[in-house]
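Given next are the chains, with one letter for each unit.
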Amino acid sequence: MELQVRKWLTTVEEITHDGGPRVDPPLRKAAVVAVIRNPYAGRWSEDLADLVEPSGALAAELVTRCRTALGAEAESCGKGAIVGVAGEQEHGVACLTTPFGDALRDGIGGTTWVTSNTKVAAAGAAIDIPLAYKQALFVREFYDSVTVTVPDGPRPDEIAVIVAMASRGRVHSRLGGLAKADAKGDGLR
């Protein structure tokens, strides 16, 4: 089954300071949303393969669009979904499982588990997509988020599927923890 995309939405932020001195390069954050039809809206199904199986191809397209919007190397990433009110949270999770996560990691040279967030909500709801360093989850300077909203979606029978990326860690991060330079690349530390 091929997922039916009604619309794409892209958002980009560039942060040069957060109350302290200007940073160079600035932090760039981007997110791309694909609003898709939910084939399970309004009905129960034990098998959610119609969302899981095509999710890798959707992730590859979202990654391509997000990398282009970011305009820099992606150092951190996250994923998420808002399910319209005729669906259930598990439909969003089905869109983000292994095929999706593998395509996201492959698309940016990542090795670690990809942070995510899902929920059921009405059109226009906001969701925070958590970000983490793409090669080691415990690198604290990359703990961040991108807030996304789709003004006219998801409609009750849709799912807004999201990929988010950032070009560096937080502006003015100074609370210690594992440094990027000290990460082992084992997916955690």
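A. Quick look at the nonpolar core. Within the largest apolar cluster, 31 residues are counted, with the highest numbers of intra-cluster contacts made by I36, L51, L62, I159, V161 and M165. At the level of secondary structure, the elements contributing two or more residues to this core comprise β2 (27-37), α2 (55-70), β3 (76-83), α3 (89-95), α4 (98-108) and β7 (158-166). Per-element accounting of this core gives the leading share, seven residues, to α2. If we skip the residues at most four places from it in the chain, L62 touches W8, V32, V33, A34, F100, V161 and V163.

B. The arrangement of α2 in detail. Between its first and last C-alpha atoms α2 spans 22 Å; for 16 residues at 1.5 Å apiece the expected length is 22 Å, and the two agree. Residues of α2 that are buried in the fold lie against β1 (5-15), β2, α1 (49-52), α3, α4 and β7. In the segment just after α2, G71 is the residue with positive phi, at about 65°.

C. Seen up close, the pattern of salt bridges. In total, this model carries 11 salt bridges according to the counting rule given. Ionic pairing is found between D144 and K29, a salt bridge with its closest N-O pair at 3.2 Å. Taken together, the residues D144 in strand β6 (residues 144-149) and K29 in strand β2 connect sequence positions 115 residues apart. D144 sits in the partly exposed class, given a relative accessible area of 22%. Looking at K29, the relative accessible area reads 7%, which means it is buried. Here D152 and R155 are joined by a salt bridge, their closest N and O atoms 3.9 Å apart. The exposure class of R155 is partly exposed, given its relative accessible area of 39%.

Cut-offs and rules
Residues numbered from 1 in each chain as written. Predicted model: local features only at pLDDT ≥ 70, side-chain atom pairs only at ≥ 80, totals over all residues. Heavy atoms only, no water. Core = buried A, V, L, I, M, F, W, Y, C linked by side-chain atoms within 4.5 Å. Buried < 20%, exposed > 50% of the residue type's maximum accessible area, 1.4 Å probe, protein only. Helix = DSSP H or I, 4+ residues; strand = E, 2+ residues; numbered from the N terminus. Contact = heavy atoms within 4.5 Å. Expected span 1.5 Å × (residues − 1). Salt bridge = Lys/Arg side-chain N within 4 Å of Asp/Glu carboxyl O.

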